[in-house]
Amino acid sequence: MADRSDATPTPHLRDAPLPRWVAQAHRRDSRDVAFTVDGDRVATIGDDAPIHLWDAFTGARVRTFAGHRRGGEALAMHPDGAWLFSAGRDKAVRVWHLETGRELACFEGHGGGVTAMAISPDGAFAATGSTDRGVCIWDARSGDCLATWKGHADPVRFVTFTDLGGFPWVWSGCESGVLIGGPVGAEKPSHRMAGHRVIARDPHNDRIIERSTFHDAREASQAAVRLFGPDGVGPPESRLEGHLGEVRCATFTPAGIALTGSADRGLRRFAIDGSLVSHLRAGGAACDRLAVHPKGALVAIGDADGRLLVFDGEAVFDDVFEPPHSHAISAVGLDDRGRPWSLGRDGRLVVRGADLRPVRTVRLRDVDSMHSSAGFVAGGWWRHGPLTVSSTRARGIERWELVNRPSVEAYHGMSDASADGAAVGAERVAVTLLDGTLRLLDVADLRAVARVDLSGYPLAVALGPDDRAAVADDKGELMLCDRDGEGVERHPAGRITALAYGPDGALYIGGRDGRVRRFGGEALAGRHDGPVSTLVFAGDAVVSAGADRRVIARRGDAEVRRWTLPVPVTALSPFAGGVIYGDAAGAMGRLDFG
């Protein structure tokens, strides 16, 4: 009988630990997360109305609060441990009793949605920021508005308290600058820091993390985030590097470790000198909000898919392993000695042993090659080395030989358009381009063999055992041709998202509807809750991965195994007794059929 239960996959590289638990907290974006004072529970607020309270160690939902009519934006816990403050788009701040879920008070006074809030360490005051570009200071118990400050040029995204002279002051920040106001109750802020956005402050030593507002592609790719001393002026103490996307949130642990979450779906932990301590894999969506257990035992993340992910707070690198790819894996496979390899969009080719430990790494961007400033679409292994396809400025393909010299042959003249997919066969390489063409190359010397025009933009490409090519496009057409671009056939086939040839030459298609079919036949068992992203044959099994984070294996008409992973799989390749995979977070693993 087919085993349809979710099976635990072989663990990823341990330098990028998986979450302790994951919950679908909200239908859309998670806007904020906050631990209770004792750290036993964590609250979430999102684009939908309810606020949820979760057991921080088991993931069980403890309680649901009514929330805000138009969705929530921010949370803050009162130091007495009994109250939860929430801010929402209905222009209100609401106070909730944690144990009963009852609404105790509602503070109103902003002219726009409330986007940020904080409670003073003594619990006497609350500070809120709004899309009206104002900051309000409240008596946390009575709800009286003590002061309203104007001066921000953009909606306020950050507020926090700091203790200066024994009395609380307020920092507030937007995209164009930071206002520091105080003491609390003053009619206007005291001074301004322009040009940066503060996204976190260390309550123990007043260090701050700022994100530059200078919009430069290189700065963005390197996550232009800096750690400053208490005054926030002068040169930064350190630069926090490594993210491949915009850093959206940051915070500090009680030990002074800086945490940063990014649009690249990763969470990084930095020492006070800016050195990387560890990298956690946050999942398939951008990290939008962070919270740390009061004792640093757990880290909670709210992501752009509305999920809550909780990690063990002290996860660190295992020195035995090298870090995984820092971005999605484009292709995986086996070399001529049967060793797994992975090609990542971070520009690294990693050859691994049977236990998935790296045994050789080629940093493609560090050598003089056409790929030095390009992204990577796909690749494969042919005889003595890999083939890699670039997708951006180089718009070409290279063959690498790891024994003597890295780049042996290159084919640059495909088009002015970027490549979108590739497949490597016995004697041919098929490359699809965004100009709506298929290029067939000789695998030995990358000589151009044929060009075939498609009806639209390519969505999937595959080569069969005899190098017969298949390409699906966005017009719903499936194009078939032989190894020399002859005998072209065109068939209406609907929205195809993945293609694979079986050992017998039969073509299998994966669709946007989550189904896998033999071309011209009925759907196979096992359906994904979303588009099929990649498809492969492993022995006599058809294996598919989908956007729903599931991998499904089938034999004949029966589903024999399925796995649910924390991150969507982006590449599959047959392995002895199963498949090896690469995922969207840059990690590689093995799934055994058993």
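Computed from a predicted model, the values in this text were never measured in an experiment. (Residues numbered from 1 in each chain as written. Predicted model: local features only at pLDDT ≥ 70, side-chain atom pairs only at ≥ 80, totals over all residues. Heavy atoms only, no water.)

**Comments concerning the overall build of the protein chain**
To be explicit about the condition: Elements are defined by DSSP. Helices are runs of H or I of four residues or more, strands are runs of E of two residues or more, and each kind is numbered from the N terminus. Type-normalised accessible area, obtained with a 1.4 Å probe on protein chains alone, sets the label of each residue: buried when under 20%, exposed when over 50%, and partly exposed for intermediate values. Should any heavy atoms of two residues lie within 4.5 Å, those residues are considered in contact. In this description, accessible areas are obtained by the Shrake-Rupley approach with a 1.4 Å probe, and a residue is regarded as covered only by the protein chains that are shown.
In terms of helices and strands, the protein chain carries one helix and 55 strands. Per-residue burial over the protein chain gives 59% buried out of 594 residues. Of all intrachain contacts in the protein chain linking residues separated by at least 6 positions in sequence, the fraction that spans at least 24 positions is 42%. Accessible surface computed for the protein chain: about 23300 Å², of which carbon and sulfur atoms make up 47%.

**Quick notes on unusual backbone geometry**
Positioned with a positive phi, Arg-133 is a non-glycine residue whose angle comes to about 70 degrees. With relative accessibility at 41%, the residue Arg-133 sits in the partly exposed group. Even without glycine at this site, Arg-549 takes up a positive phi of about 75 degrees. Along the polypeptide, Arg-549 turns up in the loop between β50 (541–546) and β51 (550–555).

**Focus: the sheet that holds strand β2 (residues 21–24)**
In a beta sheet, neighbouring strands pair by backbone hydrogen bonds and run either parallel or antiparallel. Where we set the bar: By definition, two strands form a pair when at least two bridges between them are found by DSSP. Every axis in this analysis is a line fitted to C-alpha atoms, fitted for helices over the stretch in contact. Angles between the N-to-C directions lie between 0 and 180 degrees.
In space, the four strands of this open sheet follow the order β2-β29-β28-β27, with antiparallel pairing throughout. The sheet terminates laterally at β2 and β27 (287–292), the two strands that pair on one side only. Geometrically, the sheet is characterised by an average inter-axis angle of 20 degrees between neighbouring strands, direction not taken into account. Inspection of the sheet shows β27 paired to strand β28 (residues 298–303) by five bridges, in the antiparallel sense. The partner of Val-292 across the bridge, within β28, is Val-299.

**A closer look at the pattern of salt bridges**
Stated formally: When a carboxyl oxygen of Asp or Glu lies within 4 Å of a side-chain nitrogen of Lys or Arg, that pair is called a salt bridge.
Summed over the entire model, instances satisfying the criterion amount to 25 salt bridges. With a shortest N-O distance of 3.3 Å, Arg-490 and Glu-477 are connected by a salt bridge. Taken together, the residues Arg-490 in strand β45 (residues 489–492) and Glu-477 in strand β44 (residues 477–481) connect sequence positions 13 residues apart. The partly exposed category is assigned to Arg-490, whose relative accessible area is 39%. A salt bridge links Arg-550 to Asp-548, with the nearest nitrogen and oxygen atoms 3.8 Å apart.

**Focus on the packing of aromatic side chains**
Formally: What counts as a ring pair is set by centres within 6.5 Å for rings of Phe, Tyr and Trp (its six-membered ring), and what kind of pair is set by the plane angle: stacked under 30 degrees, edge-to-face over 60, tilted for all other angles.
Counting across every chain of the model gives seven aromatic pairs. With centroids separated by 6.4 Å and ring planes inclined at 40 degrees, the aromatic side chains of Trp-21 and Trp-54 adopt a geometry described as tilted. Of this pair, Trp-21 sits in strand β2 while Trp-54 is found in strand β5 (residues 51–55), placing the two residues 33 residues apart along the sequence. The same class applies to Trp-21 and to Trp-54, which are both buried. Between Tyr-508 and Phe-537, the ring centres sit 4.9 Å apart and the planes meet at 65 degrees, which makes this aromatic pair edge-to-face. Placement of Tyr-508 in strand β47 (residues 507–511) and of Phe-537 in strand β49 (residues 532–538) is noted, with a sequence separation of 29 residues between them. Take Tyr-508 and Phe-537: they sit in the same class, and that class is buried. An aromatic cluster is defined as three or more aromatic residues linked by ring pairs; in this entry it consists of Trp-83, Phe-85, Phe-107 and Trp-138.

**Concerning the environment of Arg-348**
Here Arg-348 shows up in strand β32 (residues 348–352). On the basis of relative accessibility, which here comes to 9%, the residue Arg-348 falls in the buried class. Through-space distance from the C-alpha of Arg-348 to that of Arg-363 is 4.5 Å; in sequence the pair is 15 residues apart.

**Considerations on the sheet that holds β32**
With antiparallel pairing, the four strands of this open sheet are ordered in space as β30-β31-β32-β33. For this open sheet the edge positions go to β30 (329–334) and β33 (358–363), each flanked by a neighbour on one side alone. On average, each strand axis in the sheet is inclined to that of its neighbour by 15 degrees, with strand direction left out of account. With five bridges joining them, β30 and strand β31 (residues 340–344) adopt antiparallel strand pairing. Across the sheet, residue Leu-334 finds its bridge partner in β31, namely Pro-340.

**With respect to the side chain of Arg-31**
Among the structural elements, Arg-31 can be located in strand β3 (residues 30–35). The residues touching Arg-31, leaving out its near neighbours within four places in the chain, are Ile-45, Gly-46, Asp-47, Gly-72, Glu-73, Arg-89 and Arg-289.

**Brief notes about the pairing of strand β41 (residues 448–453)**
Strand direction decides the pairing type here: strand β40 (residues 437–442) and β41, joined by five bridges, are antiparallel. Note on β41: the bridge partner recorded for Leu-438 is Val-452. Joining the antiparallel neighbours β40 and β41 is a turn of five residues, in which Leu-446 adopts a positive phi near 60 degrees.

**What about the environment of Arg-27?**
Mapped onto the secondary structure, Arg-27 falls in the loop between β2 and β3. The exposure class of Arg-27 is exposed, given its relative accessible area of 63%. Between the alpha carbons of Arg-27 and Ala-304 there is a distance of 9.9 Å; along the sequence they are 277 residues apart.

**With respect to the side chain of Ser-262**
When you line up the elements, Ser-262 lands in strand β24 (residues 258–262). A residue is classified by how much of its surface remains accessible, and Ser-262, at 0% relative accessible area, is buried. Apart from residues no more than four positions distant in its own chain, Ser-262 is found in contact with His-243, Gly-245, Glu-246, Val-247, Arg-248, Ala-286 and Cys-287.

**Overview of the environment of Tyr-581**
Relative to the elements of secondary structure, Tyr-581 occurs in strand β54 (residues 578–583). When the C-alpha atoms of Tyr-581 and Leu-591 are compared, they prove to be 7.8 Å apart, with 10 residues separating the residues in sequence.

**With respect to the pairing of strand β43 (residues 469–473)**
Of all five residues in β43, five are buried; the element is thus mostly enclosed. As judged from the five bridges shared by strand β42 (residues 458–463) and β43, these two strands associate in the antiparallel manner. Opposite Leu-463, over in β43, you have Ala-469 as the bridge partner. Between β43 and β44, which follow one another and run antiparallel, lie three residues, and Gly-476 among them has a positive phi close to 85 degrees.

**Focus on the confidence of the model for the protein chain**
So the rule is basically this: A residue's pLDDT is simply how confident the predictor is in it, with values from 0 to 100.
Looking at the protein chain as a whole, the pLDDT averages 79, with 77% of positions reaching at least 70. Looking at the elements of the protein chain, mean pLDDT is at its lowest for strand β1 (residues 6–7), recorded as 40, and at its highest for β44, recorded as 96. Within the model, the stretch residues 1–15 combines pLDDT values under 50 with 47 contacts to residues more than four positions away or in other chains. Contacts from residues 316–322, a stretch scored under 50 in pLDDT, to residues over four places away or in other chains number 21 contacts.

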